[in-house]
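Letter by letter, the chains look like this.
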Amino acid sequence: MLKSGNVTVMAADMKKAVQFYVDTLGLELQHEGDGHFAQVAAPGLTIGLLHLAGDHGSEPVKSGSMSIGFEVDDMESAIQTLKSRGVEFHDAVEGKAAQVVHFSDPEGNTLYLVCNR
């Protein structure tokens, strides 16, 4: 059911975040979106950098927090399997490049499933 995993880091300043992970740490930039998302590759780990705009324009929401994502090939099947195991989903986001659904672990940590298009 789960294909791969990644960690998403919320960033207040995308330019500085990308510069740190790519130039300072020497990781490979795999994708850079419209200033709200970038993806870098580390050995054995994919790191997403995400800037979330809040109610105050471009001010990020929960900067510095992280979430864990799991890539799936079939979103509906994965959702149904996890629901049958007691998982409750919070929301779904339909983007140009992917569909994302969020849920929490028993401690309240944010996790998500992502199905790339």
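Residues numbered from 1 in each chain as written. Predicted model: local features only at pLDDT ≥ 70, side-chain atom pairs only at ≥ 80, totals over all residues. Heavy atoms only, no water.

Q: I keep staring at the sheet that holds strand S4 (residues 45-50) and nothing clicks. Help me out?
A: Pairing between the strands of a sheet is mediated by backbone hydrogen bonds and can be parallel or antiparallel. Taken in spatial order, the 8 strands line up as S2-S3-S4-S1-S5-S8-S7-S6 in an open sheet, and their pairing is mixed. Each having just a single partner strand, strand S2 (28-32) and strand S6 (89-94) make up the two edges of the open sheet. Ignoring which end each strand starts from, the neighbouring axes of this sheet average 25 degrees apart. Two strands pair when backbone bridges link them, and S6 and strand S7 (residues 98-104) are joined in this way by 5 bridges, in the antiparallel orientation. Counterpart to Phe 89 in the pairing with S7 is Phe 103. The strands touched by helix H1 (residues 14-24) within the sheet are strand S1 (2-10), S2, strand S3 (37-42) and S4, with S4 carrying the most contacts at an inclination of about 160 degrees. (Pairing = 2+ DSSP bridges. Helix = DSSP H or I, 4+ residues; strand = E, 2+ residues; numbered from the N terminus. Axes fitted to C-alpha atoms, helices over the stretch in contact; angles between N-to-C directions. Contact = heavy atoms within 4.5 Å.)

Q: How should I be thinking about the pattern of salt bridges in this particular structure?
A: Working definition: two side chains of opposite charge can pair if their charged atoms are close together. Under the definition given, this model contains 3 salt bridges. For the salt bridge of Asp 73 with Lys 3, the shortest nitrogen-to-oxygen distance reads 3.2 Å. Here Lys 3 lies in strand S1 and Asp 73 lies in the loop between strand S5 (66-72) and helix H2 (75-84), a separation of 70 residues in the sequence. By relative accessible area, Asp 73 is classed as exposed at 57%. With relative accessibility at 49%, the residue Lys 3 sits in the partly exposed group. Here Arg 117 ties to Glu 94 by a salt bridge, and the two come within 2.3 Å at their closest N and O atoms. Here the residue Arg 117 occupies a position in the segment after strand S8 (110-116), and Glu 94 occupies one in strand S6, the gap between them amounting to 23 residues. Several salt bridges share partner residues, and in doing so they unite Lys 3, Glu 71 and Asp 73 into one network. (Salt bridge = Lys/Arg side-chain N within 4 Å of Asp/Glu carboxyl O. Buried < 20%, exposed > 50% of the residue type's maximum accessible area, 1.4 Å probe, protein only.)

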